[in-house]
Amino acid sequence: MKAAWTTVSSVSVVALVASMTAALAEPPADLIEAAKKEGQLTTIALPHDWCGYGALIDSFKAKYGIAVNELNPDAGSGDEVEAIRANKGNTGPQAPDVIDVGLSFGPLAKAEGLLQPYKVSTWATIPDAAKDADGYWYGDYYGVLAFEVNTDIVKTVPKDWSDLLADDLANSVALAGDPRASNQAIQAVYAAGLAAGATDPADIGAKGLAFFADLNKAGNFVPVIGKAASIAQGSTPIVVRWDYNALADRDTLAGNPPVEVVVPETGVVAGVYVQAISAFAPHPNAAKLWMEHLYSDEGQLGWLKGYCHPIRFLDLVKNGKVPQEMLDKLPPAAAYDKAVFPSVEQQKAAAAVITKQWDTVVGANVQ
Amino acid sequence: MKQSTFGPWLAMIIGGLYFLVPLLATFEFSLRMKRGEYSFEAYRVVFADPGFQASFSYSVALALATIVLGVLLVVPTAYWIHLKLPKLKPLVEFVTLLPLVIPAIVIVFGYLRMYNSSSILPLTNSARGTDLLLAFGYVTLALPYMYRAVDTGLRAIDVRTLTEAAESLGAGWPTVLFRVIFPNVRVAILSGAFVTFAIVMGEFTFASLLNRPAFGPYLQLIGANRAYEPAALAIIAFLVTWACMGLMQVIGQGARMVSRKR
Amino acid sequence: MAATADALPQRQAAMRRVGTTAFALVGVAPFFLFALFFLILPTMFLIVGAFKNPAGDWTLGNLANLFQPTIISAYWISIQVSAASAILGGLIGFFLAYAAVSGGLPAWIRPTLLTFSGVASNFAGIPLAFAFLATLGRMGLVTVFLNEAFGFNLYRTGFNLLSFWGLTLTYLYFQIPLMVLILTPAIDGLKREWREASQILGATSVQYWRYIALPVLWPSMLGTTLLLFANAFGAVATAYALTGSSMNIVTILLYAQVRGDVLHDPHLGYALAVGMILITGVSNGTYIWLRSRGERWLR
């Protein structure tokens, strides 16, 4: 009798553990229920070619049958936070439920009371440095800054920051944003400063500015904001931008023109983006379900497909969940070993220097 | 004494070159989608996209609504100011210049705060309500151009005499306005209508933040990641907008011909 | 007794005047109500925001912050670019409009020019910047053509599209059509009979222009040039797309504060906008003063 009981109990314990693990892989049923009742999710600033969001949104719609209302895909992090602020009393479709913003915006939005906390079921596998302890914001993916080079026009592909100063690269190098306002552009200046050997954030900013001033004096810098169209047309044959955007561009352009994506040898800066749910979200349950979707293995691999390193990357690799073909399509892992992840304070200190002094140090003289 | 047309022709040719060459450059780039050959591939991709037709027709409908609202608002006001309240002219002109310097993004944020679902006039709650808000926003954006055009047109005709003549013939003010003043400022109204149409077709900020499926946000979406399609789209938008204006011109002229025959 | 008898019709006349004015004000009520609800009140959030700091207290600090060298230079550059493109655009637009209306050209030119101007007047922002980069940029159509056909390297002469004059050249693309569109009705109003009469009386072309045509057109031309100035002053998308990070103009600065990823002090952005409104107010005032001086010729 006792033996039978032990067998039954051990079997049931195993069954319980199995069902718990299964539960970990699936969001709770009542959350799905509540989200379906809300019927809609409003997102903002999610271009379909950015980190494979197009496919992720489609898979969410297909899996749960919830409509996704996509606001302004071209919005910057500042726009997203402003959208939450501006729609405080508004439950209409203009109010975003979830945001995907630069690292420094997480604490900023939390301090203003614009976010609500939520810890996804895979919370434990998110590195501590990339999430808020109370669950208000949590890192979603990262990438490093790389050079996107149009090899039709640029014959010797630059391998490092110092190569950008070469004589044959006149009117070639551009940033992907305005360094007085855009996170991506400021990080590029930061990376140049790191490559120049600085260690203190303010000094990194100053050295980065000096580099771009040299680049401008050599006539190599183009002040136009680089995009796929300007790379193809030839006005900005080299653009410094996140590697996932560069790789996505390479795919879109499909060889016309051929594009090479180079992670510089020194000065490799990684940028983390964070997810958060709006405190005034009209569809909070749909928002939470969306987070569960993004942080599930399926969601994380969806980002990887878009060339973004998901925040749970190391955990997934450890558990052997990443298909080899996906790994092959990414830049070599060696490049990522040298990646520096600036903290929020470091970013702020450098940004203060860069944004204030860009015009005086680098800005072209206006005649 | 016949005037030499050399000067005018020269002006036209130089003007033509300045305006057409950049368009040509854009067109040439849009043909380069297939490597090594010229093709209309980019155009095929654009036309095949259902989002293009939907957003374009939405913006056209909204543009027409904006023109009607704008004309109904501006022409009587300008007429009234000319006739009865010339002292208010500087104030009205200053107000009409404001939409040019107040960034659209500020105005629309104001709309979101004033007309959201928790205010007295919850326009953003319904699609039609938001459409109306968007139309009013566009009327505001087009105000400087519409007012200036109508004002210039009114200056060119003798408003006082026309009004007095009409009134002495027994016309009430609606008749004066719609059957005497409007036809005489037809060219000016048409100019203002053209600019309004172009503004609405290309406008992005209002449509995007109010979340309406207009052409501007669609253009932005395509332009974000693609290389050749935005150029194709720019050319298509230019040509179709031009055609719509040509249509408006024909309708405007046609009505004038009819009224002349009487 | 005589005093009261006189006073009564005077008072009646005064009351009638007030009555007419009050009635007249009703006529412009829709406009002012519209402007109030859809322009002025939404903007009040901005005006009020210019006087508050992020913590929510009233402050004049934002306005004081406007007096930094970078911001003053931004305003100054904006004014210069706007004035350059407004004056040039005004002049060229005037010539084009006149050529089309009274130049004796074939009849199809005028409607074509007008409809084209309608489209071109709003062809701004990224498509325009891209079009000019594709034409006069380093790999632009014209640049490459000049190099290959005539061996003429445009960029070696020091020309650069991404500069003050390059930006002005680009701005002209929507300034000139605007001038054409708005001035055409006025030029239409120049009756042919006036020109013929002046010729019969022996006036030369110059005299016709100086004493008849220009005085009539002057207020409209000035008013439209002011519109062009405000139009260029408020333009941001084109400048941003073309000169991106090299030029420091107010609108870009404003957008960086209100929308930017990093700077994000919207209250400073609002203060910048208040500054822009003030400048527009001043230019409007100048226009009215100039116009009233010019209108003396009409009487």
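This is a predicted model, so every value here is computed, not measured.

### Quick notes on the overall build of chain A
Phase 1: Across its full length, chain A holds 15 helices and 10 strands.
Phase 2: Its C-alpha atoms give chain A a radius of gyration of 23 Å, within 12% of the compact-globule value 21 Å for 367 residues.
Phase 3: Expressed as lengths along the three principal axes of its C-alpha atoms, the size of chain A is roughly 90 × 50 × 40 Å.
Phase 4: Out of the 367 residues belonging to chain A, those deemed buried represent 54%.
Phase 5: Here the analysis covers contacts within chain A between residues at least 6 apart in sequence; of these, 77% occur between residues at least 24 apart.

### A look at the overall build of chain B
Phase 1: When you go through chain B residue by residue, the secondary structure sums to 12 helices and 0 strands.
Phase 2: When its C-alpha atoms are laid out on the principal axes, chain B stretches across 70 × 70 × 35 Å.
Phase 3: Taking all 262 residues of chain B together, the buried fraction comes to 52%.
Phase 4: Within chain B, counting contacts between residues at least 6 apart in sequence, those at least 24 apart form 76% of the total.

### Notes on the environment of Glu193(C)
Phase 1: Looking at the element boundaries, Glu193(C) is found in helix α8 (residues 192-200).
Phase 2: Along the backbone, Glu193(C) and Trp76(C) are 117 residues apart, and their C-alpha atoms lie at a distance of 45 Å.

### Some words on the pairing of strand β7 (residues 238-242) of chain A
Residue and element names in this part refer to chain A.
Phase 1: With 5 of 5 residues buried, β7 lies mostly within the body of the structure.
Phase 2: The sheet contact formed by strand β6 (residues 173-175) and β7 spans 3 bridges and is parallel. Note on β7: the bridge partner recorded for Val173 is Ile238.

### What about the interface of chain A and chain B?
Phase 1: Contact with chain A, which involves 22 residues of that partner, is made by 25 residues of chain B.
Phase 2: Those elements that place two or more of their residues in the side of chain A that touches chain B are α8 (228-233) and α9 (243-253) of chain A.
Phase 3: The greatest single-element share of the side of chain A that touches chain B, amounting to 4 residues, is contributed by α8(A).
Phase 4: Counted by class, the side of chain A that touches chain B contains 9 nonpolar, 11 polar and 2 charged residues.

### What to know about the nonpolar core
Phase 1: Counting 286 residues, the largest nonpolar core has Tyr138(B), Val150(B), Phe197(B) and Ala97(C) as its most contacted members.
Phase 2: With 16 residues, helix α6 (residues 127-156) of chain B is the largest single contributor of residues to this core.
Phase 3: Once residues within four sequence positions are removed from consideration, Tyr138(B) is found in contact with Leu62(B), Thr66(B), Ile199(B), Val200(B), Glu203(B) and Phe206(B).

### Looking at the packing of helix α7 (residues 159-168) of chain B against helix α8 (residues 173-184) of chain B
In a packed pair of helices, the relevant descriptors are the angle between the two axes and the axis-to-axis distance.
All names here are of chain B.
Phase 1: Axis separation between α7 and α8 bottoms out at 10 Å; the angle between their running directions is 145 degrees. The hand of the α7/α8 crossing is right-handed. The residues of α8 that touch α7, namely those facing Leu162, Thr163, Ala166 and Glu167, are Thr175, Val176, Val180 and Asn184.
Phase 2: Classifying every residue of the contact of α7 with α8 gives 4 nonpolar, 3 polar and 1 charged.

### Details of the confidence of the model for chain A
Residue and element names in this part refer to chain A.
Phase 1: Looking at chain A as a whole, the pLDDT averages 85, with 92% of positions reaching at least 70.
Phase 2: Across chain A, strand β4 (residues 115-116) holds the top mean pLDDT of 95, while helix α1 (residues 2-25) sits lowest at 46.
Phase 3: Taken together, the stretch residues 1-24 has pLDDT below 50 and engages in 1 contact with residues farther than four places along the chain or on a different chain.

### Thoughts on the interface of chain B and chain C
Phase 1: On the side of chain C, 69 residues touch chain B, which itself brings 73 residues to the contact.
Phase 2: Considering each element in turn, the side of chain B that touches chain C owes the most residues, 14 residues, to helix α1 (residues 6-30) of chain B.
Phase 3: Here the side of chain B that touches chain C is composed, by residue class, of 51 nonpolar, 16 polar and 6 charged.

### A closer look at unusual backbone geometry
Phase 1: The peptide bond linking Asn256(A) to Pro257(A) adopts the cis configuration, its omega dihedral lying at 5 degrees.
Phase 2: Along the chain, Pro257(A) falls in the loop between α9 and β8 (259-262).

### Thoughts on the packing of helix α3 (residues 50-83) of chain B against helix α9 (residues 186-202) of chain B
Residues and elements named next belong to chain B.
Phase 1: One can describe the packing of α3 onto α9 by two numbers: an axis separation of 9 Å at closest approach and a directional angle of 140 degrees. For the element pair α3 / α9, the angle class is oblique. The element α3 and its partner α9 pack so that their crossing is right-handed. Mapping the contact onto sequence places Ser59, Leu62, Ala63, Thr66, Ile67, Gly70, Val71 and Val75 in α3 and Ile189, Ala193, Thr196, Phe197, Val200 and Met201 in α9.
Phase 2: A breakdown of the residues in the contact of α3 with α9 according to their chemical character gives 10 nonpolar, 4 polar and no charged.

### A look at the environment of Gly118(C)
Phase 1: In this structure, Gly118(C) sits in helix α4 (residues 109-120).
Phase 2: Residues Gly118(C) and Val250(C), 132 residues apart in the sequence, show an inter-C-alpha distance of 27 Å.
Phase 3: Not counting residues up to four positions away in its chain, the partners in contact with Gly118(C) are Phe194(B), Val195(B), Phe197(B), Ala198(B), Met245(B) and Leu181(C).

### Overview of the domain arrangement of chain A
All names here are of chain A.
Phase 1: Segmenting chain A into domains produces domain 1 (29-141 + 271-333) and domain 2 (143-270 + 337-359).
Phase 2: Each of domain 1 and domain 2 has a C-alpha centre, and these two points are 26 Å apart.
Phase 3: Contacts between the two partners involve 17 residues from domain 1, matched on the other side by 20 residues from domain 2.
Phase 4: Per-class residue counts for the side of domain 1 that touches domain 2 are 9 nonpolar, 7 polar and 1 charged.

### Side note on α4(C)
Phase 1: The terminal C-alpha atoms of α4(C) lie 16 Å apart, and with 12 residues this matches the ideal 16 Å at 1.5 Å per residue to within 8%.
Phase 2: What α4(C) keeps buried is the set Leu113(C), Leu114(C), Thr115(C), Phe116(C), Ser117(C), Gly118(C), Val119(C) and Ala120(C).

The rules behind these values
Residues numbered from 1 in each chain as written. Chains lettered and ligands numbered in written order. Predicted model: local features only at pLDDT ≥ 70, side-chain atom pairs only at ≥ 80, totals over all residues. Helix = DSSP H or I, 4+ residues; strand = E, 2+ residues; numbered from the N terminus. Rg over C-alpha atoms; globule rule 2.2 N^0.38 Å. Buried ≥ 20, exposed ≤ 12 C-beta atoms within 10 Å, placed from the backbone. Contact = placed C-beta atoms within 7 Å. Pairing = 2+ DSSP bridges. Nonpolar A, V, L, I, M, F, W, Y, C, P; charged D, E, K, R; others polar. Core = buried A, V, L, I, M, F, W, Y, C linked by C-beta atoms within 7 Å. Axes fitted to C-alpha atoms, helices over the stretch in contact; angles between N-to-C directions. Left-handed = near helix turned anticlockwise from the far one by under 90°. pLDDT = per-residue confidence, 0-100. Parallel < 35°, antiparallel > 145°, perpendicular 65-115°, else oblique. Domains from an automatic or database assignment. Expected span 1.5 Å × (residues − 1).

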